[in-house]
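# Analysis of the macromolecular model
This is what each chain is made of:
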Amino acid sequence: MKQIKTWTLAFTYVGCFLGAGFISGQELWQFFGAFGNWGYVGFALATLLFVVIGVLFIRLTQMTRCSDMDQLLVPWDIKWLRAASGAIGAVFLFFVVVSMSAGVGAMLTQLFGVPTWLGSAVFMLLVFLTALLGVSGMVNAFSALIPLLVMATLGFAIAAWCTFGTEGILRLTYTNSNPLMPNWGIATMTFVAYNILGGIGIMSPVGQYVRERKYIYGGIILAGLMLLVVAGSILTSLAAYPEAVQAELPMVALASHLNGTMGTIYGIMLLVAMFCNALASLVGLSAYIEQKSALVRTHKKVVLLAISVLAWAGSLLGFAEIIGTVYPVFGYISVAFLVFMVIHFCRARKQEKETPEK
């Protein structure tokens, strides 16, 4: 695979986060909008952390020349700890695929009345077929689709502001009732932690193709700006029409209220976002288990198919339930591994500085 540069890195990093929960508004509202105006502060802080940790992680892959998720997360040669970190990361990537499949099922039911199980099954088949192309297929898909998602989300926000007005944008009401997230600060940290855990699993096999430092800083900062645009567009749109947050897919409900055609267009856009995120997570999960098992490497197609079928089955649990319960739990668990990764970066940076002197 050829070298990854600024724009490609930016689109790939953004693609780690723009999944069903993010683009639909469900995830952003539960973790930020439900905390009133402090939610805006929370996401600004989350974006800053995404940029800092993203730069740190890609630099770490450069310095260590390592693409194994567990070895990047844990700097010490402690087998059980590395195994635990890798297992947690792999399980989370699996649940991301599950939530994307659930989101597709919910969306197709909400828009077209398609049975949830059938919509999820067709979606997982398409993700499975594309995942067979590996990292290069994922990066190419992101480069084509992510710019469209960013611009389209901003366009829908402008339409919402024009239709519903902007008076309520800075008057968000505190509605949080999730005991796993008692305040906006904890919600922000858990949001960052579980998203970064998934992002690390996805970016681990990608980092080795970013060979120049200037592309790291430019790409990750650009990704942060795109995330701000998308999240700001969604949160302010829902603030302008808060009735939409009662739906399982709030932004689809909002777009449908604008008119039926807009609802369908946003549904298609959401489908693209879910496809990107599910594909990234499945490719990252596949890359990790391939590194750990020769048996998996020789039976890649069968393993990918098995994971896809299991993800479809898990998606029948429901979309909002997965986001409100599974994601915060993984967020708490992930905090420790993010601390470990920062320690690993500091050690690798120190060694990098000392090497020329020797």
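As shown above, the structure is provided for reference.
Notes on the structure in this doc start here. (Residues numbered from 1 in each chain as written. Predicted model: local features only at pLDDT ≥ 70, side-chain atom pairs only at ≥ 80, totals over all residues. Heavy atoms only, no water.)

## Here's the deal with the overall build of the protein chain
Applicable threshold: Only DSSP runs of H or I reaching four residues or more are called helices, and only runs of E reaching two or more are called strands; each is numbered from the N terminus. Computation of the radius of gyration draws on C-alpha atoms, with the globule rule given as 2.2 Å multiplied by the number of residues to the power 0.38. The cut-offs for exposure are 20% and 50% of the maximum accessible area for each residue type, with area from a 1.4 Å probe on protein chains only; residues under the lower value are buried, those over the upper are exposed, and the others partly exposed. Any two residues whose heavy atoms approach within 4.5 Å at even a single point are treated as in contact. Method for areas: the Shrake-Rupley scheme with a 1.4 Å probe, in which residue coverage is limited to the protein chains shown. In this tally Asp and Glu are treated as negative and Lys and Arg as positive; neither His nor the chain ends contributes. The atom standing in for a charge is NZ when the residue is Lys, CZ when it is Arg, CG when it is Asp and CD when it is Glu.
Helices and strands together make up the secondary structure of the protein chain, namely 15 helices and zero strands. Over its C-alpha trace the protein chain gives a radius of gyration of 20 Å, about what one expects of a compact globule, namely 21 Å for 358 residues. Dimensions of the protein chain, computed from C-alpha atoms along their principal axes, come out at roughly 65 × 40 × 40 Å. For the protein chain, the residues scored as buried account for 58% of the 358 residues in total. For the protein chain, long-range pairs separated by at least 24 residues make up 85% of all intrachain contacts whose partners lie at least 6 apart in sequence. Summed over its atoms, the accessible surface of the protein chain is roughly 14,500 Å², and 68% of this surface lies on carbon and sulfur atoms. Here the protein chain contributes 19 positively and 13 negatively charged side chains, and the mean placements of these two sets differ by 12 Å.

## As for a nonpolar patch on the surface
Just so we agree on the cut-off: Each patch is built from residues that are more than 30% exposed by relative accessible area and take part in no salt bridge. Like charges join if they lie within 9 Å; nonpolar side chains (Val, Leu, Ile, Met, Phe, Trp, Tyr) join within 5 Å. Just to be clear on terms, a salt bridge is a Lys or Arg side-chain nitrogen sitting within 4 Å of an Asp or Glu carboxyl oxygen.
Together, Trp 117, Leu 118, Val 122, Leu 125, Leu 126, Leu 129, Leu 132 and Leu 316 line one region of the surface with nonpolar side chains, adding up to about 730 Å² of accessible area. You can see Leu 129 is positioned in helix H7 (residues 116–131). Leu 129 gets classed as partly exposed once you look at its relative accessible area, which sits at 45%.

## Side note on the environment of Ile 333
Mapped onto the fold, Ile 333 is located in helix H15 (residues 319–354). Under the relative-accessibility criterion, Ile 333 is labelled partly exposed at 35%. Here the alpha-carbon distance between Ile 333 and Leu 197, two residues 136 residues apart in the chain, equals 9.6 Å.

## A short note on unusual backbone geometry
Notably, Arg 65 is not glycine yet its phi reads approximately 50°, a positive angle. Within the secondary structure, Arg 65 is located in the loop between helix H4 (38–64) and helix H5 (69–73).

## Remarks on helix H6 (residues 79–112)
Operational definition: A helix's residues, less one, multiplied by 1.5 Å, set its expected span.
With 34 residues, H6 should reach 50 Å at 1.5 Å per residue; the first-to-last C-alpha distance of 49 Å fits that figure. Among the residues trailing H6, Gly 113 stands out with phi positive, at a value near 75°.

## Section: H4
The terminal C-alpha atoms of H4, which comprises 27 residues, lie 38 Å apart, in line with the 39 Å expected from a rise of 1.5 Å per residue. By the criterion of burial, H4 is predominantly enclosed, with 19 of the 27 residues buried. A positive backbone phi angle near 50° is found at Arg 65, which sits one or two residues after H4.

## Overview of the packing of aromatic side chains
Describing an aromatic ring pair means giving the distance of the ring centres and the angle of the ring planes. For clarity, the cut-off: Classification of ring pairs rests on two measures: the distance between centres of Phe, Tyr or Trp rings, Trp counted by its six-membered ring, which must be within 6.5 Å, and the angle between planes, read as stacked under 30 degrees, edge-to-face over 60 and tilted in between.
Inspection of the entire model under this criterion finds 19 aromatic pairs. Ring centres of Trp 38 and Trp 184 lie 5.1 Å apart, and the angle between their planes is 10°; on these two criteria the pair is classed as stacked. A residue pair is termed long-range when its members are at least 10 positions apart, and Trp 38 in helix H4 and Trp 184 in helix H9 (residues 184–207) qualify at 146 residues. Centroid distance Phe 92 to Tyr 194: 5.8 Å. Interplanar angle 55°. Geometry classified as tilted. One end of the pair, Phe 92, is in helix H6; the other, Tyr 194, is in helix H9, with 102 residues separating them in the sequence. In this structure Tyr 194 comes out as buried when scored by relative accessible area, which is 0%. Within the aromatic cluster, the residues linked to one another by ring pairs are Tyr 13, Phe 17, Phe 22, Phe 31, Phe 32, Phe 43, Phe 50, Phe 92, Phe 191 and Tyr 194.

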